[in-house]
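# Report on the structure
One letter stands for each residue in the lines below.
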Amino acid sequence: MLKTERDEIFEKTGQRREDFSVCMGCKICASVCTLNDIGKNVNPQDLLLSIFLGHIPNDHSIVTYCTSCYRCVESCPWRIKIPEIVRAIRERSKGDLFTRTFKSSIAIFGRAYEPYIFFRILPFLLKKGYLRYLPRWIRYMNFSFPPFLLRR
Amino acid sequence: MRIAVLGGGISGISSAKVALRFGHEVIIIEKEGKIGGLMARIANCRVGFQTFFEEIRNSPKLKVLTGKRVLSCERRNGLFLLDLDDGERVEVDRVVLATGLISCEPDTKGRRILSSLEYDSLIDQRNEALPNDLKKIAFILCHGSRSRDYPLCSSVCCSYTLRQIKWTLLRTHPEITVFYNDLRLFGQEFFLLKALKDSNVRFLRTNSKSMEEDEEGVKVRYFSGGKLFEEKFNYLVTVNALRPNPELGHLSRIFGFSLNEHGFVKEASPLQTDVDGVFACGGSLEPMNIKDSILTGFAAGYLASGGKGITGGKMVFRKDPPGFDLPDSGESFAFYLGVDDTYSSMFYEYFSLVFVELALKLVERKKQVYVVTRNSVFPSYEELIYEKARREGVVFIHLEEDERVSFDKGSLRIEGGKKIEIKVDHLILMEDFCRYFREFEVLGFSRSEPQLRWSPTKWDRNRYHVGFLRYPRSRRWETREYYAACAEALLDSEARKVPEVLEESCSGCGFCKNACLANAIETKRRDRTLSLFGLHPTTFDPIAKIDPNLCIGCGLCASICPSHAIKFDFTRTSTDRQSAQENR
Ligand code: SF4
Ligand code: SF4
Ligand code: SF4
Ligand code: SF4
């Protein structure tokens with residue numbers, strides 16, 4: 001079962017499994033990773049190792065924070081595309097309601113179509129109280145009709 | 001026969017030595033202004049290329065052309081007609097390629113980031129003073145090798161780095177850090193490694209490409225033991241890949257032999273290119289150390305000279321090491337490639353290969369395979385097998401220095417920087433296999449030490465060892481070692497086999513001079529004082545003199561001499577002689 005999960009990830013990256021498993025554990029990727037510039041203390045190779053050991057690292061801090069800067073790919077002796085793995089894991093993970101709605105909007109309309117998104121999340125918004133999910137500053141904004149509507 | 005050796009490095013002159021011993025004429029053609037190649041550039045090398053070259057330098061059949069390139073080659077009646085770039089034309093029967101390796105220099109070259117050869121000249125023993133900020137140094141290994149662009153392991157840089165550290169520590173005591181992926185050491189070098197570790201040289205199994213250079217030093221960022229570190233070193237040495245000489249491409253076009261995708265010679269049979277009469281040795285075959293260059297040089301010189309393998313002496317065969325079978329049952333297998341004691345470390349090279357081949361077989365049977373490595377030794381082409389295993393899905397777990405591994409009823413646990421626990425059905429430990437080999441006598445220690453003598457396969461005075469007994473390594477080397485041993489036995493017999501003229505008996509008839517096949521005998525004038533009733537007139541008469549450089553050791557002169565004035569040992573080889581003595 002794990003195996004299929006793993007293969008699914010590799011499939012999503014658009015690469016073959018062996019393009020990743022060729023990693024030789026040099027940890028050069030960690031030495032250049034942008035996340036280490038901001039003190040995250042991560043080793044992108046961890047991601048590969050845990051996938052090959054059969055565990056999908058959904059909540060690894062690289063999956064959360066990777067900037068897709070491709071620095072690791074540039075420096076890796078084998079040009080292993082770790083950010084693609086990150087992307088695949090992110091894509092696979094269900095995500096919260098907003099992410100899912102956003103994704104399905106893209107899938108259906110090819111863009112973020114607000115009315116669709118609005119209606120999809122409406123039950124949620126109503127249940128939880130509408131304004132709670134809007135930033136505080138919105139409350140203080142002046143809402144007004146656009147000028148061309150007012151002219152009529 | 002005339003033999004052209006292309007390249008005057010250590011492998012080139014080694015093959016020249018053997019060809020000269022056969023009595024052939026040898027022409028060494030070197031592209032650079034002086035011979036010596038990469039070995040001569042190692043400033044701290046104690047042995048020195050010159051020591052080797054001295055032995056054959058004055059040989060009258062040797063011709064050394066420096067600063068010359070072969071521009072084209074024409075074949076006529078089995079001869080190679082080589083046109084050199086100064087218009088000279090050389091006619092030879094055989095060609096030995098000894099183009100050697102070149103070190104690819106780093107892209108970040110500066111005062112603080114040095115290549116290993118640059119560092120070597122910085123700490124040259126002949127320099128009076130060392131730079132006074134030689135306080136904190138780091139070495140970064142595998143720079144440019146073992147990557148997608150150049151998948152081979154350069155096979156000598158780990159060993160070279162170890163020696164550089166030794167040379168440094170002989171003069172001063174800086175803080176030294178080595179960033180490595182695997183330590184590809186051979187034989188004795190594992191003992192050196194231990195000695196260096198004991199003298200506080202820090203070895204870290206991690207690597208880095210994050211280097212920031214400024215006036216005082218280089219800031220390196222690296223990830224080790226689960227944490228990120230940033231450290232500043234006064235000097236950073238990047239240990240660069242060794243690649244085939246680009247000249248080899250040019251030669252392959254003019255001679256028509258083929259190269260493999262890495263730019264090295266493709267061997268049709270051991271040490272032979274796919275063009276008849278063109279042989280290859282040393283760095284034109286693969287990255288290899290000095291000792292192996294001598295070894296392949298000997299072997300190629302032997303084959304090019306028409307050597308057919310040992311005809312005398314005694315061949316002793318020992319049994320092959322046992323095959324390793326694995327159980328059919330079970331789904332997951334774990335190999336542990338790691339030993340603690342230094343002696344067993346010499347088996348890393350052998351078991352790295354054995355384990356990975358087994359792992360590949362298991363993966364083919366759709367099993368889950370883990371290989372936990374403390375170190376792995378896959379020099380030069382062996383690295384490709386390692387790469388293949390990684391691609392095929394063998395999971396490699398690299399243990400860092402302070403990570404511990406423990407085995408407990410079907411599970412394997414790793415603690416330290418990373419925490420891993422895996423369930424496995426079978427556990428295969430290198431330690432167990434090493435125990436089996438305890439009683440084997442292996443010549444391991446000398447696998448990598450180029451001694452003053454040119455003796456890559458010699459065990460003791462009369463024995464030459466090849467294959468598993470010499471050093472457990474890839475089987476590709478067996479044939480090479482065999483021919484090298486043949487060459488070495490031949491070279492060793494040289495000294496004893498030049499016949500000796502007994503001055504009192506020689507009548508100066510000159511029969512031997514006419515008989516000699518190699519024109520090695522000249523009749524020289526010798527002065528004599530005669531005693532004649534108180535008068536002591538001086539007179540002279542001829543005497544035979546043998547030039548040991550020209551003599552091929554056939555013994556014809558000794559058998560033909562009417563006065564029995566030439567002493568010659570007719571037993572074939574030293575081994576023969578020894579067994580003759582034993583029988584007596
Ligand atoms: S792409 Fe992601 S993992 Fe790679 S260096 Fe950038 S932030 Fe780090
Ligand atoms: S740099 Fe590439 S080969 Fe090295 S550990 Fe990272 S992913 Fe693996
Ligand atoms: S010998 Fe191999 S492992 Fe060692 S530094 Fe050179 S390329 Fe790397
Ligand atoms: S052994 Fe005698 S005949 Fe033969 S090459 Fe030497 S000197 Fe000449």
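About the cut-offs
Residues numbered from 1 in each chain as written. Chains lettered and ligands numbered in written order. Predicted model: local features only at pLDDT ≥ 70, side-chain atom pairs only at ≥ 80, totals over all residues. Heavy atoms only, no water. Domains from an automatic or database assignment. Buried area = accessible area lost by both parts, 1.4 Å probe. Salt bridge = Lys/Arg side-chain N within 4 Å of Asp/Glu carboxyl O. Polar contact = N/O pair within 3.5 Å; in protein donor to acceptor, adjacent residues only side chain to side chain. Nonpolar A, V, L, I, M, F, W, Y, C, P; charged D, E, K, R; others polar. Helix = DSSP H or I, 4+ residues; strand = E, 2+ residues; numbered from the N terminus. Contact = heavy atoms within 4.5 Å. Axes fitted to C-alpha atoms, helices over the stretch in contact; angles between N-to-C directions. Parallel < 35°, antiparallel > 145°, perpendicular 65-115°, else oblique. Left-handed = near helix turned anticlockwise from the far one by under 90°. Near = heavy atom within 4 Å. Expected span 1.5 Å × (residues − 1). Buried < 20%, exposed > 50% of the residue type's maximum accessible area, 1.4 Å probe, protein only. Pairing = 2+ DSSP bridges.

## Focus on the domain arrangement of chain B
Residue and element names in this part refer to chain B.
- Each domain of chain B was delimited in the assignment, giving domain 1 (2-100 + 243-304), domain 2 (113-241), domain 3 (332-437) and domain 4 (500-568).
- A combined buried area of about 1400 Å² lies between domain 1 and domain 2, and 56% of that area is made up of carbon and sulfur atoms.
- Put simply, domain 1 and domain 2 have zero salt bridges between them.
- Where domain 1 touches domain 2, the interface holds four residue pairs in polar contact (both at pLDDT 80 or more).
- Residues belonging to the side of domain 1 that touches domain 2 are distributed by class as follows: eight nonpolar, three polar and three charged.

## Here we look at the side chain of Glu-247 of chain B
- Tracing the backbone shows Glu-247 of chain B in helix α7 (residues 247-255).
- Here Glu-247 of chain B is in contact with Lys-31 and Arg-69 of chain B, once residues within four sequence places are set aside.

## Focus on the packing of helix α5 (residues 157-171) of chain B against helix α6 (residues 189-198) of chain B
All names here are of chain B.
- Where α5 contacts α6, the axes come no closer than 10 Å and their chain directions differ by 45°. Looking at the two axes, α5 sits oblique to α6. Seen from above, α5 lies across α6 with left-handed handedness. For the pair formed by α5 and α6, the contact residues are Ser-159, Leu-162, Arg-163, Ile-165, Lys-166 and Leu-169 on the first element and Glu-189, Leu-192, Leu-193 and Leu-196 on the second.

## Digging into the site of ligand 2
- Taken together, 13 residues surround ligand 2, and among them Cys-23, Cys-26, Lys-27, Cys-29 and Cys-76 of chain A come closest.
- At the level of elements, α3 (28-32) and α5 (44-52) of chain A are the ones that each hand at least two residues to the shell around ligand 2.

## Structural notes on helix α10 (residues 348-364) of chain B
Residues and elements named next belong to chain B.
- The end-to-end C-alpha distance of α10 is 24 Å, a good match for the 24 Å that 17 residues give at a rise of 1.5 Å each.
- Counted residue by residue, α10 has 14 buried out of 17 residues, so it is predominantly covered.
- Of the residues one or two after α10, Lys-366 is the one with positive phi, at around 65°.

## Topic: the sheet that holds strand β10 (residues 136-143) of chain B
Residue and element names in this part refer to chain B.
- One open sheet holds the five strands; their spatial order is β9-β16-β10-β11-β12, and the pairing between them is parallel. Looking at the sheet topology across the chains shown, the edges are occupied by β9 (113-115) and β12 (202-204). Shown here is a sheet whose adjacent strand axes are inclined to one another by a mean of 20°, direction ignored.
- Packed onto the sheet, α5 meets β10, β11 (175-179), β12 and β16 (235-240) and runs at close to 165° relative to β10.

## Notes on the site of ligand 1
- Near ligand 1, the surroundings consist of Cys-33, Thr-34, Leu-35, Pro-44, Cys-66, Thr-67, Ser-68, Cys-69, Tyr-70, Arg-71, Cys-72 and Pro-83 of chain A.
- Mapped by element, the contributors of at least two residues to the shell around ligand 1 are α4 (34-37) and α7 (71-75) of chain A.

## What to know about the sheet that holds strand β1 (residues 2-6) of chain B
Residues and elements named next belong to chain B.
- If you trace the five strands from one edge of the open sheet to the other, you get β3-β2-β1-β7-β18, paired in parallel fashion. In the strand order of this sheet, the two ends are held by β3 (62-66) and β18 (278-280), each with one partner. On average, each strand axis in the sheet is tilted by 20° relative to the strand beside it, whichever way the strands run.
- Sheet topology places β1 next to strand β2 (residues 25-30); five bridges connect them, and they run parallel. The residue of β2 that forms the bridge with Ala-4 is Ile-27.
- Sheet contacts for helix α1 (residues 10-21): β1, β2, β3 and β7 (94-97); angle to β2, the most-contacted strand, approximately 170°.

## Description of the environment of Arg-146 of chain B
- Looking at the secondary structure, you find Arg-146 of chain B in the loop between β10 and α5.
- A relative accessible area of 1% places Arg-146 of chain B in the buried class.
- If we skip the residues at most four places from it in the chain, Arg-146 of chain B touches Met-24, Pro-77 and Trp-78 of chain A together with Pro-151, Leu-152, Cys-153, Asn-181, Asp-182, Arg-184, Glu-383 and Tyr-386 of chain B.
- Side chain to side chain, Arg-146 of chain B and Glu-383 of chain B meet in a polar contact 3.1 Å long.

## What about the interface of chain B and chain A?
- Each side of the interface is counted separately: chain B has 33 residues, and chain A has 27 residues.
- Of all residues in chain B, the largest losses of buried area upon contact with chain A belong to Phe-223, Arg-390 and Arg-391 of chain B, amounting jointly to 26% of the total for that side.
- At the junction of chain B and chain A, the tally comes to 16 residue pairs in polar contact (both at pLDDT 80 or more).
- Of all the secondary structure elements, the ones that give two or more residues to the side of chain B that touches chain A are β14 (218-224), β15 (227-233), β20 (368-373), α11 (382-392), β21 (395-398) and β24 (420-423) of chain B.
- Residue composition of the side of chain B that touches chain A, by class: ten nonpolar, ten polar and 13 charged.

## Thoughts on unusual backbone geometry
- The phi angle at Ser-68 of chain A is positive, at roughly 55°, despite the residue not being glycine.
- Topologically, Ser-68 of chain A is positioned in the loop between α6 (61-65) and α7.
- Judged by its relative accessible area of 40%, Ser-68 of chain A is partly exposed.
- Even without glycine at this site, Cys-142 of chain B takes up a positive phi of about 60°.
- Relative to the assigned elements, Cys-142 of chain B resides in strand β10.

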